[in-house]
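Per-entry structural report
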Amino acid sequence: MADNKPVAEKKAKKHTIQYDRWGYFFIAPFFLIYIVFSLIPLLTTFVYSFFEYYRDGLNIIGPNAKVAKYFMGQEEYYSWQIEDSVVALDEMLINYDEGEPVTIEIKDEIISTVEEIAEEIQFEKFEKAVADIVDKGIKKGSTNGEVVAAVQKELSAKQSAITRNIGIVFSAEDNLGKYFWNTFVMWILGFLPQILVSLMLAVWFTNTELRLKFQQFFKTVIYMPNLIMAAAFAMLFVSMLSPNGPVNNILKDIYHSMNAAEIAAGEMSEMEPIRFFIYPGWSRSIVALMNFLMWYGNTTILLMAGVMGIDNSLFEAARIDGASSLKIFFKITIPLLLPIFVYVLITSLIGGIQMFDVPQIISNGSGAPNRTTMTIIMKLNKFLTNKNYGPSGVTSIFIFAITGVLSGIVYKMTMQNYQNKR
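Bear in mind that the values here come from a model prediction, so they are computed numbers and not experimental data.

Each value, and the rule that gives it
- Residues numbered from 1 in each chain as written.
- Predicted model: local features only at pLDDT ≥ 70, side-chain atom pairs only at ≥ 80, totals over all residues.
- Heavy atoms only, no water.
- Helix = DSSP H or I, 4+ residues; strand = E, 2+ residues; numbered from the N terminus.
- Rg over C-alpha atoms; globule rule 2.2 N^0.38 Å.
- Buried < 20%, exposed > 50% of the residue type's maximum accessible area, 1.4 Å probe, protein only.
- Contact = heavy atoms within 4.5 Å.
- Areas by Shrake-Rupley, 256 points an atom, 1.4 Å probe, with all protein chains shown as cover.
- Lys, Arg positive; Asp, Glu negative; His and termini not counted.
- Charge placed at Lys NZ, Arg CZ, Asp CG, Glu CD.
- Core = buried A, V, L, I, M, F, W, Y, C linked by side-chain atoms within 4.5 Å.
- Expected span 1.5 Å × (residues − 1).
- Phe/Tyr/Trp six-rings, centres within 6.5 Å; stacked < 30°, edge-to-face > 60°.
- Lys NZ or Arg CZ within 6 Å of the ring centre and 35° of its normal.
- Patch = residues over 30% accessible without salt bridge, like charges linked within 9 Å, V, L, I, M, F, W, Y side chains within 5 Å.
- Salt bridge = Lys/Arg side-chain N within 4 Å of Asp/Glu carboxyl O.
- Polar contact = N/O pair within 3.5 Å; in protein donor to acceptor, adjacent residues only side chain to side chain.
- Axes fitted to C-alpha atoms, helices over the stretch in contact; angles between N-to-C directions.
- Parallel < 35°, antiparallel > 145°, perpendicular 65-115°, else oblique.
- Left-handed = near helix turned anticlockwise from the far one by under 90°.
- Nonpolar A, V, L, I, M, F, W, Y, C, P; charged D, E, K, R; others polar.
- pLDDT = per-residue confidence, 0-100.

Describing the overall build of the protein
When helices and strands are tallied, the protein shows 18 helices and four strands. The C-alpha atoms of the protein give a radius of gyration of 33 Å, which is well past the 22 Å a tight globule of 422 residues would have. Counting only residues that meet the buried cut, the protein has 35% of its 422 residues in that class. Here the contacts in the protein between residues at least 6 apart in sequence split such that 71% fall between residues at least 24 apart. Within the structure as shown, the protein displays about 25800 Å² of accessible surface, and the carbon and sulfur contribution to it stands at 63%. On the protein, the mean spot of the 35 positive side-chain charges and the mean spot of the 39 negative ones are 20 Å from each other.

Structure below.
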């Protein structure tokens, strides 16, 4: 009997079904979808940022790791300009004695020779480079032939594509930092009233002492703007605030009724319509207002869920101890609501960085006035239209990095008291 017992146990083990392995089967689709639609595009975007990578329909031009230093555009368009410019400089040198010491007069001749051929050259950068070469040549006592050869070498020089892409993204006249600041300003203008109003409504709707009537109706109404397409919402505001829209008509009627006698006597003129979208302050405030109206209902519901998750006995005990409503709010509600609040803050921050549709529509994609409503994603969209995905990759990586850093800072600063410390 003692010998048969282990055999029986082995047979029983063989027939045992391991149900825990099926868990991997059910969670596998999530990982596959994440890898295919999130991880691979993210890694591909990172790779694109290191190359000059043009697409013309289904045709891929590139990727090029090294690109011409003073030319913009695709290699097949500027390569012949470099070759013809080098030949033209050789022909220009016939007018000069190659062995004679170089003088400053040859600089303008070099610039004009290249300018006649190269259409895509960045002349400001190239002129500066030529001036430096000529100045160094004069100091060293170089000959005309040596200087022209140095210019030809500089004209054909290449730099890394990632350097070019970063230069395009953070160029002085079209700096991405400016658009990040625009995005941050419009987000903060919309988020501050959003979180304050949502917090107030969440406390009111969950307070058992107030017993507000028609709560379900109001909860539905405040959430409805979130269901409207942002494009339709933006078009509604554009129509309302246009020079001939209802807002201007109402203001004009009020102005006319208050100053009817003066207008009739010719002492005052008719009111000119307010052109809201030509002023940076008005344009940014309108974008912030629309974001507030679209999202405060969603934020209210999230905060309500957080308040309802707090044990009601804590509120009752505080009231018995004589705590005022204000003290209960700041000493019980806010501290216990902080995890939900942090979630709302981080998701709102990510949504703010990705702001696109509302400012795109009200400014017709231009970021007017004077690109003060141009956001980071709007600029990314501009890069995509020129079919060079290199600067687009740099912009996307910048957005990813800044989102991760800001989210990490917010979480660390607000949740440090909730972390388990050993």
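Structure shown, so let's carry the discussion forward.
Focus: unusual backbone geometry
Here the bond from A368 into P369 is cis, since omega is 0°, no more than 30 degrees from zero. For P369, the location among the structural elements is in the loop between α16 (357-362) and α17 (376-385). Its identity as a non-glycine residue notwithstanding, N364 has a phi of 55°, on the positive side. Considering the arrangement of structural elements, one finds N364 in the loop between α16 and α17. With relative accessibility at 73%, the residue N364 sits in the exposed group. Positive phi outside glycine occurs at R371, with the angle close to 60°.

Some details on the nonpolar core
By size, the foremost hydrophobic cluster in this structure holds 48 residues, and its most contacted members are M290 and L303. If you list the elements that add at least two residues to this core, you get α8 (176-206), α10 (230-240), α13 (280-308), α15 (325-353), α16, α17 and α18 (389-415). Per-element accounting of this core gives the leading share, 10 residues, to α8. Apart from residues no more than four positions distant in its own chain, M290 is found in contact with F233, A234, F237, V358 and I362. Counting 26 residues, the second largest nonpolar core, distinct from the first, contains V114, V134, V147 and L155.

A closer look at helix α9 (residues 215-227)
With 13 residues, α9 should reach 18 Å at 1.5 Å per residue; the first-to-last C-alpha distance of 19 Å fits that figure. Among the residues of α9, Q215, I222, P225 and N226 are the ones counted as buried. Where α9 is buried, its residues contact α8 and α13.

Topic: the environment of H256
Structurally, the position occupied by H256 is in helix α11 (residues 246-258). Exposure remark for H256: the relative accessible area of 35% places this residue in the partly exposed category. For the pair H256 and M271, spaced 15 residues apart in the sequence, the C-alpha separation amounts to 7.7 Å. Beyond its immediate chain neighbours, meaning those up to four positions away, H256 contacts I263 and E270.

Considerations on the side chain of T299
Residue position: T299 is located in helix α13. Using a relative accessible area of 4% as the deciding quantity, one classes T299 as buried. In this structure T299 touches Q194, I195, S198 and V344, once residues within four positions along its chain are discounted.

Some thoughts on the packing of aromatic side chains
Per the stated rule, a full pass over the model turns up 17 aromatic pairs. Taken together, the ring pairs connect W181, F184, W187 and F191 into an aromatic cluster. Sitting over the face of the ring of F383, K379 holds its NZ or CZ atom 4.9 Å from the ring centroid.

What about a negative patch on the surface?
Where like charges cluster on the molecular surface, the negative patch consists of E105, D108, E115, E116, E124, E127 and E173. Elements that contribute at least two residues to the negative patch include exactly α4 (105-115) and α5 (123-140). Take the negative patch: its biggest share by element is three residues, from α4. Assignment of secondary structure puts E116 in the loop between α4 and α5. You can call E116 exposed: its relative accessible area is 72%.

Section: the side chain of T113
Take T113: it is sitting in helix α4. A polar contact of 2.7 Å, which involves the side chain of T113, links it to the backbone oxygen of E109. Setting aside anything within four residues of it in sequence, one finds T113 in contact with A88, L89 and M92.

A closer look at the packing of α15 against α18
Look at α15 against α18: their axes get within 10 Å of each other, and the N-to-C directions meet at 165°. When the interaxial angle is binned, α15 and α18 end up roughly antiparallel. For the pair α15 and α18, the sense of crossing is right-handed. In this structure, α15 contributes L338, P339, V342, L345, I346, L349, I350 and I353 to the contact, and α18 contributes I399, I402, T403, L406, S407, V410, Y411, T414 and M415. Residues belonging to the contact of α15 with α18 are distributed by class as follows: 14 nonpolar, three polar and no charged.

A closer look at the confidence of the model for the protein
Residue-level pLDDT values for the protein average 88, and 94% of them are 70 or greater. Averaged over each element, pLDDT in the protein is lowest for helix α1 (residues 4-14) (55) and highest for helix α6 (residues 144-155) (95).

Comments concerning the pattern of salt bridges
This model, assessed by the stated rule, comprises three salt bridges. Between E154 and K69 there is a salt bridge whose closest N-O contact spans 3.2 Å. Within this pair, whereas E154 is found in helix α6, its partner K69 is found in the loop between β3 (66-68) and α3 (75-92), the two being separated by 85 residues in sequence. Linking K158 and E75 is a salt bridge whose minimum nitrogen-to-oxygen distance equals 3.8 Å. Here E75 lies in helix α3 and K158 lies in strand β4 (residues 158-160), a separation of 83 residues in the sequence.

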